[in-house]
Amino acid sequence: MLDIIRKRRSVRMFLDKDVEQEKLREILKAAMVAPTARNLRPCEFVVVRDREARERLSRSTNFSAFAKNAPVVIVICYDTTKGRRFKEDCSLAAGNIYLETVNQGLGTCFVQIADTEGTEGEPEGFVRKTLSIPDHFWIQCLMPVGYPDRMPEPHRDEEYDEKKVHFEKF
């Protein structure tokens, strides 16, 4: 497992190659088994393959332009009628997406939508309108998914820093 974790890097450049449905399904399975507060499972996912919609989503924030080049964008949403731990639950699902994406030989990057600035106004409203997401859903992030144009270097053991580990007390 540590091997997959070390290979997890943010990927922003993708090959012009479709993501197989079975690989996408495995990624979504991983997202859906992420822990959630009180096991309420309030996260839902919008899978966007349409080129025009991906191009529109790439204008959501000041940092989302690369999303148009990914063959798939997964949008992580949160049903506010089912839970209260929006950021925590969505971030855990995103973490599982990151790891299973790497496991499938693909790459992704967390593109913050909630609490960020946009190029087309308020990003959450922009994404909501683009994808017809109901008002009682909050939108955490976009996760563009595809084959990396190059495989990033994995993290190294040297990144482990003993000085950042505290036992019993800070």
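Shown above is the structure to which this text applies.
Residues numbered from 1 in each chain as written. Predicted model: local features only at pLDDT ≥ 70, side-chain atom pairs only at ≥ 80, totals over all residues. Heavy atoms only, no water.

Participant: How do you make sense of the overall build of the protein when you look at a structure like this?
Facilitator: Summing up its helical and strand segments, the protein has 5 helices and 5 strands in all. When its helices and strands are written in sequence order, the protein yields α-α-β-α-β-α-β-β-α-β. Its C-alpha atoms give the protein a radius of gyration of 16 Å, within 12% of the compact-globule value 15 Å for 170 residues. Projected onto the principal axes, the alpha-carbon positions of the protein cover approximately 45 × 40 × 30 Å. (Helix = DSSP H or I, 4+ residues; strand = E, 2+ residues; numbered from the N terminus. Rg over C-alpha atoms; globule rule 2.2 N^0.38 Å.)

Participant: Which parts of the structure should I look at to understand the side chain of T61?
Facilitator: By the secondary structure assignment, T61 is in the loop between α3 (51-57) and β2 (72-79). At 3.0 Å, the side chain of T61 forms a polar contact with the backbone nitrogen of F63. If sequence neighbours within four positions are ignored, T61 has contacts with V111, Q112, I113, T116, E117, G118, T119 and P123. (Polar contact = N/O pair within 3.5 Å; in protein donor to acceptor, adjacent residues only side chain to side chain. Contact = heavy atoms within 4.5 Å.)

Participant: In this structure, what is going on with helix α2 (residues 21-32)? I would like to understand it.
Facilitator: Because the α-helix completes a turn every 3.6 residues, residues three or four places apart line up on one side. Taking 1.5 Å per residue as the helical rise, α2 with its 12 residues ought to reach 16 Å, and the 16 Å between its terminal C-alpha atoms agrees with that figure. Three or more residues of α2 are buried, namely L24, I27, L28, A30 and A31. Down the axis of α2, the sector holding all buried residues measures 155°, keeping them to one side. (Expected span 1.5 Å × (residues − 1). Buried < 20%, exposed > 50% of the residue type's maximum accessible area, 1.4 Å probe, protein only. Arc of directions from axis to C-beta.)

Participant: What is the right way to read the side chain of Q104 from this model?
Facilitator: One can find Q104 in the loop between α4 (86-103) and β3 (107-108). For Q104, a relative accessible area of 17% gives the class buried. In contact with Q104, not counting residues within four places along its chain, are K23, E26 and I27.

Shape descriptors only; they carry no functional weight alone.
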